[in-house]
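Given next are the chains, with one letter for each unit.
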Amino acid sequence: MESQRIVSCPGHAALRRGRASLPNHAYHLTVTTLHREPVFLGFEAACEAARCFEDPMLLGDARMLAWVLMPDHAHWLFQLGECDELASVVMRLKSASARRVHRVVGKAGSLWSRAYHDHAVRKEEDLRAIARYIVCNPIRAGITGHIGNYPFWNAHWL
């Protein structure tokens with residue numbers, strides 16, 4: 001049996017370079033679907049993914065502060081706790097949401113791209129401003145004129 005070799009894009013290594021996982025630190029993440037496929041245009045698929053984003057079992061000791069689910073990507077703002085590392089939380093969220101979405105749409109295989117973009121929030125940055133930026137994505141994308149009309153978002157402060 002031949003061993004499989006995972007080939008990654010050059011950009012994936014660059015995204016991992018310098019990645020830190022600091023306890024109690026806040027992170028803004030962007031995760032995209034594989035090939036930017038608009039999987040979450042389907043209401044049921046979007047509902048299943050969104051349920052995962054606030055699931056305490058998946059978050060572990062991390063706390064989701066804000067999130068939005070777009071047709072082909074998601075933005076998360078969460079604060080790590082003491083135990084789980086950034087990569088572990090992301091892996092659990094991506095894995096569980098993929099399983100749930102695949103059950104609904106009757107597919108298998110990868111849902112999310114392997115890589116993700118993360119930004120460690122600096123002390124001087126305003127978490128609420130980042131949360132507003134995140135939840136306003138559907139407005140900027142022209143999906144809705146008012147965030148209250150878009151069902152796939154939440155913010156700790158609202």
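Residues numbered from 1 in each chain as written. Predicted model: local features only at pLDDT ≥ 70, side-chain atom pairs only at ≥ 80, totals over all residues. Heavy atoms only, no water.

(A) Representation of the pattern of salt bridges in the model. Tallied over the entire structure, the rule returns six salt bridges. Between D72 and R36 there is a salt bridge, with the nearest N and O atoms lying 3.0 Å from each other. Highlighted residues: D72 in the loop between strand 2 (63-69) and strand 3 (73-79) and R36 in the loop between strand 1 (26-32) and helix 2 (43-52), separated in sequence by 36 residues. Two residues, K107 and E37, come together in a salt bridge whose shortest N-O distance is 3.1 Å. (Salt bridge = Lys/Arg side-chain N within 4 Å of Asp/Glu carboxyl O. Helix = DSSP H or I, 4+ residues; strand = E, 2+ residues; numbered from the N terminus.)

(B) Highlighting unusual backbone geometry. Of note in this structure, H35 is not a glycine but carries a positive phi near 60 degrees. Tracing the sequence through the fold places H35 in the loop between strand 1 and helix 2. Here H35 falls in the exposed class, since its relative accessible area comes to 73%. The phi dihedral of R36 is positive, around 55 degrees, even though this residue is not glycine. The partly exposed category is assigned to R36, whose relative accessible area is 43%. (Buried < 20%, exposed > 50% of the residue type's maximum accessible area, 1.4 Å probe, protein only.)

(C) Quick peek at the sheet that holds strand 4 (residues 117-120). Overall, antiparallel pairing links the five strands, which are arranged 4-1-3-2-5 in an open sheet. Since the sheet does not close on itself, it has two edges, and those belong to strand 4 and strand 5 (153-155), each with one partner. The average undirected angle you get between the axes of adjacent strands in this sheet is 20 degrees. Strand direction decides the pairing type here: strand 2 and strand 5, joined by three bridges, are antiparallel. Considered in strand 5, the bridge of W67 is made with N154. (Pairing = 2+ DSSP bridges. Axes fitted to C-alpha atoms, helices over the stretch in contact; angles between N-to-C directions.)

(D) Region of the structure containing the packing of aromatic side chains. Scanning all chains against the criterion turns up six aromatic pairs. Between W76 and W112, the aromatic rings sit 6.4 Å apart at their centres with planes inclined by 65 degrees, giving edge-to-face as the arrangement. Taken together, the residues W76 in strand 3 and W112 in the loop between helix 4 (86-105) and strand 4 connect sequence positions 36 residues apart. Owing to a relative accessible area of 0%, W76 belongs among the buried residues under this scheme. By relative accessible area, W112 is classed as buried at 7%. Geometrically, the ring pair formed by Y150 and F152 is edge-to-face, given 6.0 Å between the ring centres and 85 degrees between the ring planes. The buried category is assigned to Y150, whose relative accessible area is 10%. For F152, a relative accessible area of 9% puts it in the buried group. (Phe/Tyr/Trp six-rings, centres within 6.5 Å; stacked < 30°, edge-to-face > 60°.)

(E) Representation of the environment of I139 within the structure. Its place among the elements puts I139 in helix 6 (residues 137-140). In the structure, I139 is positioned ten residues away from N149 in sequence and 10.0 Å away in space, judged by C-alpha atoms. Setting aside its immediate chain neighbours within four residues, I139 contacts T144, G145, H146 and I147. (Contact = heavy atoms within 4.5 Å.)

(F) Spotlight on the confidence of the model for the protein chain. With 88% of its residues at a pLDDT of 70 or more, the protein chain has an overall mean of 89. Note on residues 1-17: pLDDT is under 50 here. Beyond four places in sequence and across chains, it has ten contacts. (pLDDT = per-residue confidence, 0-100.)

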